[in-house]
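# Tertiary structure, described
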Amino acid sequence: MSSSKSNKIVKLESSDNKTFEVEEAVAVQSETLKNMVDDGCANDTIPLPNVNGKILEMVLGWCKKHVDETVTGDELNKYEADFLDLDQADLYGLLMAANFLNVKGLLDRVLQRVADMIKGKKPEEIRRIFNIKNDFTPEEEEEIRLENAWAFD
Amino acid sequence: MIESHLSDLLRFRKAVSHCFNIELEKTMFSERLAGEESICQDFEALSVSKRLVRSVSQKLKKKYKGGGEEEDGVRGVSMRCLTFYGRGGGCKVGADTGDEFGDPSSRRRSSSSEEGKGYKMICGTEETGVDCFSYGVKERFWKKNNRKEFELEESVRNSRMHIFLPDDILEMCLVRLPLTSLMTARLVCKKWRYLTTTPRFLQIRREGSHQNPWLFLFGAVKDGYCSGEIHALDVSLGQWRRIDADILKGRFMFSVASMQDDIYIVGGCSSLTSFGRVDRSSFKTHKGVLVFSPLTKSWRKVASMKHARSLPILGISEVSSDFPSYQSHQNRQDRRFSRSRIGGVSDVYEDPHRLSLRRQYRNAFDENDASLLPNRKSYKYIRQKSDQLNTKGCRRFVLIAVGGIGSWDEPLDSGEIFDSVSNKWTEIQKVPVDFGIVCSGVVCNGMFYVYSETDKLAGYDIERGYWIRIQTTPFPSHVHEYPPKLVSCNGRLFMLSVSWCEGDGRIGRRNKAVRKLWELDLMYLTWTEVSVHPDAPMDWNAAFVGDRNLIFGVEMFKIFGQVLDFLTVCDVSDMEANWSHISRNHVTHELDASSCMTKSLAVLHL
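Conventions adopted
Residues numbered from 1 in each chain as written. Chains lettered and ligands numbered in written order. Predicted model: local features only at pLDDT ≥ 70, side-chain atom pairs only at ≥ 80, totals over all residues. Heavy atoms only, no water. Helix = DSSP H or I, 4+ residues; strand = E, 2+ residues; numbered from the N terminus. Buried < 20%, exposed > 50% of the residue type's maximum accessible area, 1.4 Å probe, protein only. Areas by Shrake-Rupley, 256 points an atom, 1.4 Å probe, with all protein chains shown as cover. Contact = heavy atoms within 4.5 Å. Pairing = 2+ DSSP bridges. Axes fitted to C-alpha atoms, helices over the stretch in contact; angles between N-to-C directions. Salt bridge = Lys/Arg side-chain N within 4 Å of Asp/Glu carboxyl O. Polar contact = N/O pair within 3.5 Å; in protein donor to acceptor, adjacent residues only side chain to side chain. Phe/Tyr/Trp six-rings, centres within 6.5 Å; stacked < 30°, edge-to-face > 60°. Parallel < 35°, antiparallel > 145°, perpendicular 65-115°, else oblique. Nonpolar A, V, L, I, M, F, W, Y, C, P; charged D, E, K, R; others polar.

Let us now look at the overall build of chain B. The helix and strand inventory of chain B stands at 17 helices and 29 strands. Put simply, chain B has 606 residues, and 53% of those count as buried. Accessible surface for chain B amounts to roughly 27800 Å². Of this, 52% is attributable to carbon and sulfur atoms.

Written out as structure tokens, the structure is:
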């Protein structure tokens, strides 16, 4: 049957043992899962040990929204904007999951979101957000500043 | 509950020993700390003195002694918490007199001395305990209305607890930063600096179209001196920046061309009698070619031209790596007399001065541009490496210099071509003999198009190495003092020309000059008007440069006693191709009027 593919369900299990069932069309938004489906490895539940349930649910929600033909362009834009209104821990989790699962659109959005967190900020602020220790000596810092002084804010 | 918090605290401290310990203590009371982080940021930004912080916190502490008020401003509530937790963990107002706000080491010192004490005291003191816990209610209310600030603050809390981003993901984020933020990212820590300076990173950034156009304006003259300043405009932000380039001091009337991440500065002259001044009474003309890399703010030299030129017409183009070397073009030069297809290009011109001793002497003098450079230490050199091209992805290019003004103030008709791989200039065929003085040129689809002051168009086939005269449909003649400028965008050829525009037919209506953008259909050789430039053409030496689908233009002129600049941009991929103004906030009012004449423009994607 030509419609057999669209009825196929893919089962996923997160690191905290939550199972999710989604249509194949939704799952293949993830290149990783698509490869598995194409290779015929997707018949049993696919374990995803490095994605927890909360994050996996978010990712699948995103994929579902993008497959849904009833969603308008504007609605999708709004959805995407609200989607990324997350705290940093979730954002990082989402980023790593999107990278692992290779969901291109989502990955791009989250990467841009993190880049936006860096944009326009001073180094001290960036260090605080990302919990980074400053390992430059004052002399080194000065040297770097002078190197590209013209391009700094 | 407190005991579990204590064990949490100790565990976190062990795991993340280099963190700001104050932030750790804060995490324990994470639910109660809305707004504090934004306060920290605000205070840092404002550089509020410790004393002021303390005095304000004291005032607020008094205010809250009477119990919580529903009408608390967020900041007021946060301030209280700040006092309690932010200062070495004590519920002590004005604690830690030695603290520099935001200084991690001193925080660490103070908090370690009160290990375990800080939060205990807070929960222990009844009054403060009550305030802290009741605060949670307000915080939740506030949270709904101030999502963004809360998010950042909570995100800082949570970031203490989780794994850091792996390098490859971090790299993917950093590659999306615009130039100014990228420069700041390099200051964050050694790892970030390393990640953002590898050739691979720069390559990904280039190819992933995460770059934005930057305009570079050369030729600033201040108080009569060629100051060697370069003014750079970040088009996306509309911000100007100034780059001091001592190496360019005193040099004027050079031409510029951009390729990949570099700008090539070709030829030009310097005054011999009064160094630095725009003075052509006694000057020397340069053969040298300088290369500027804005990303590393470094300068280097490539091979000098065979002929010294000022204001040469330049064309620059990437070529395939298996492009025939220009050595073979030498042979073509000999065959040029037999070429008949070009109809009259048979080149019988021989340089009568070729045997002149004076000329030979001057040429020898020109070789040593370096000796005139004022101060070697004031700029960096990157040694010319043969593998330099490999790091840039083996992108071979050629740079053509045609015409210009020679050492004797004579118009030149010779041309030469530079091959980036061999680092050599080779002479090319001269422009067709009756072509006239070349006033503008640009490379488009492998052809270097040049336009003459007598409204002729010719093209140099770069690969085959000969000139072709191009006959096009008639073109409205330009206003004499305003030489037209050729630009190329995405394989299309355009020209900006100032012509007289008819008055709308009414008697007595004065004709006015208008600058128009024209496109040449490269197949049928017909000119079509594309759009009209909105500004009255005041600058005869307006510079235009094409970049991908955009044409940038700069006009500079003195009016009402001031030098003003006007930058415009046009998107030719847009059907309308309208011009819009970009940033007028510039320092041109500091410049001399002669900058109008000496200015030149280049655009890079950085």
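On to the environment of B:Leu457, then. All names here are of chain B. Mapped onto the elements, Leu-457 comes out in strand S19 (residues 457-461). Given the relative accessible area of 5%, Leu-457 is considered buried. Among all residues touching Leu-457, those that are not within four sequence positions of it are Phe-435, Tyr-449, Val-450, Tyr-451, Arg-469, Ile-470, Thr-472, Leu-486, Leu-520 and Trp-527.

All names here are of chain B. The strand order across the open sheet built from four strands is S7-S8-S11-S12, with neighbouring strands paired in antiparallel fashion. Looking at which strands have only one partner, the edges of the open sheet turn out to be strand S7 (255-259) and strand S12 (298-302). Strand-to-strand twist of the sheet, defined as the mean angle between neighbouring strand axes without regard to direction, takes the value 25 degrees. When S7 meets strand S8 (residues 262-266), the two strands line up antiparallel, connected through five bridges. Residue pairing in the sheet places Met-259 in a bridge with Asp-262 of S8.

Our next topic: the pattern of salt bridges. Under the defined criterion, the tally for this structure stands at 28 salt bridges over all chains. In this structure, the salt-bridge partner of A:Lys78 is A:Asp82, at a minimum N-O distance of 2.8 Å. You can see A:Lys78 and its partner A:Asp82 sitting in helix H5 (residues 73-83), four residues apart, about one turn around the helix. By relative accessible area, which is 54% here, A:Lys78 ends up exposed. Residue classification places A:Asp82 among the partly exposed positions, given a relative accessible area of 46%. Of the charged contacts in the structure, one is a salt bridge between B:Arg464 and B:Asp461, with a shortest N-O distance of 2.8 Å. Taken together, the shared-partner salt bridges connect B:Lys222, B:Glu229, B:Arg242 and B:Asp244 into one network.

To continue, consider helix H10 (residues 167-174) of chain B. Here H10(B) has its buried residues at B:Ile169, B:Leu170, B:Glu171, B:Cys173 and B:Leu174. Contact partners of the buried residues in H10(B): helix H6 (88-101) and helix H7 (104-118) of chain A together with helix H11 (179-185), helix H12 (190-195) and helix H13 (199-207) of chain B.

What follows covers unusual backbone geometry. In the Ramachandran plot, A:Asn102 falls in the positive-phi region, its phi being about 55 degrees despite a non-glycine side chain. Here A:Asn102 is to be found in the loop between H6 and H7. Within the chain, B:Arg548 stands out as a residue other than glycine whose phi angle is a positive 50 degrees. By the element assignment, B:Arg548 lies in the loop between strand S25 (543-547) and strand S26 (550-559). Since its relative accessible area comes to 42%, B:Arg548 is described here as partly exposed.

Turning to the environment of B:Ser488, a few remarks are in order. Residues and elements named next belong to chain B. Structurally, Ser-488 is set in strand S21 (residues 485-489). Since its relative accessible area comes to 15%, Ser-488 is described here as buried. Measuring from C-alpha to C-alpha, the distance between Ser-488 and Tyr-449 comes to 9.6 Å, with 39 residues separating the pair along the chain. Leave out the neighbours within four places in its chain, and Ser-488 touches Val-442, Val-443, Cys-444, Gly-546 and Asp-547.

All right, on to the side chain of B:Ser270 then. All names here are of chain B. Residue position: Ser-270 is located in strand S9 (residues 269-271). For Ser-270, the side chain forms a polar contact with the side chain of His-286, separated by 2.5 Å. Ser-270 has contacts with Gly-250, Arg-251, Phe-252, Phe-283, Lys-284 and His-286, leaving out every residue within four places of it along the chain.

Looking now at the sheet that holds strand S10 (residues 283-285) of chain B. Residue and element names in this part refer to chain B. With antiparallel pairing, three strands are arranged side by side in an open sheet as S6-S9-S10. Both edges of this open sheet fall to strand S6 (251-252) and S10, since each of them pairs with a single strand only. By the bridge criterion, two bridges tie S6 to S9 in an arrangement that is antiparallel. Residue pairing in the sheet places Phe-252 in a bridge with Cys-269 of S9.

Quick look at the packing of aromatic side chains now. All names here are of chain B. Scanning all chains against the criterion turns up 14 aromatic pairs over all chains. Ring centres 6.2 Å apart and planes at 90 degrees place the aromatic pair Phe-218 and Phe-254 in the edge-to-face group. Of this pair, Phe-218 sits in strand S1 (residues 213-218) while Phe-254 sits in the loop between S6 and S7, and the two are 36 residues apart along the sequence. The same class applies to Phe-218 and to Phe-254, which are both buried. Ring geometry for Phe-397 and Phe-418: centres 6.4 Å apart, planes at 50 degrees, overall tilted. Taken together, the positions of Phe-397 in strand S14 (residues 397-402) and Phe-418 in strand S15 (residues 415-419) put the pair 21 residues apart, joining distant regions of the chain. Pair check on accessibility: Phe-397 and Phe-418 agree, each one buried. Within the aromatic cluster, the residues linked to one another by ring pairs are Tyr-264, Phe-397, Phe-418 and Trp-425.

Before going further, it helps to examine the pairing of strand S22 (residues 492-501) of chain B. Within S22(B), seven of the ten residues are buried, which leaves the element mostly enclosed by the surrounding structure. Taken together, S21(B) and the strand that follows it, S22(B), pair antiparallel across an intervening segment of two residues, in which B:Asn490 is found at a positive phi of about 45 degrees.

Let us now look at the packing of H7(A) against helix H8 (residues 123-130) of chain A. All names here are of chain A. Interaxial distance between H7 and H8 falls to 9 Å at its minimum, and their mutual angle equals 135 degrees. Between H7 and H8, the interaxial angle falls into the category oblique. Between H7, through Val-114, Met-117 and Ile-118, and H8, the contact on the second element is made entirely by Ile-126, Ile-129 and Phe-130. Here the contact of H7 with H8 is composed, by residue class, of six nonpolar, no polar and no charged.

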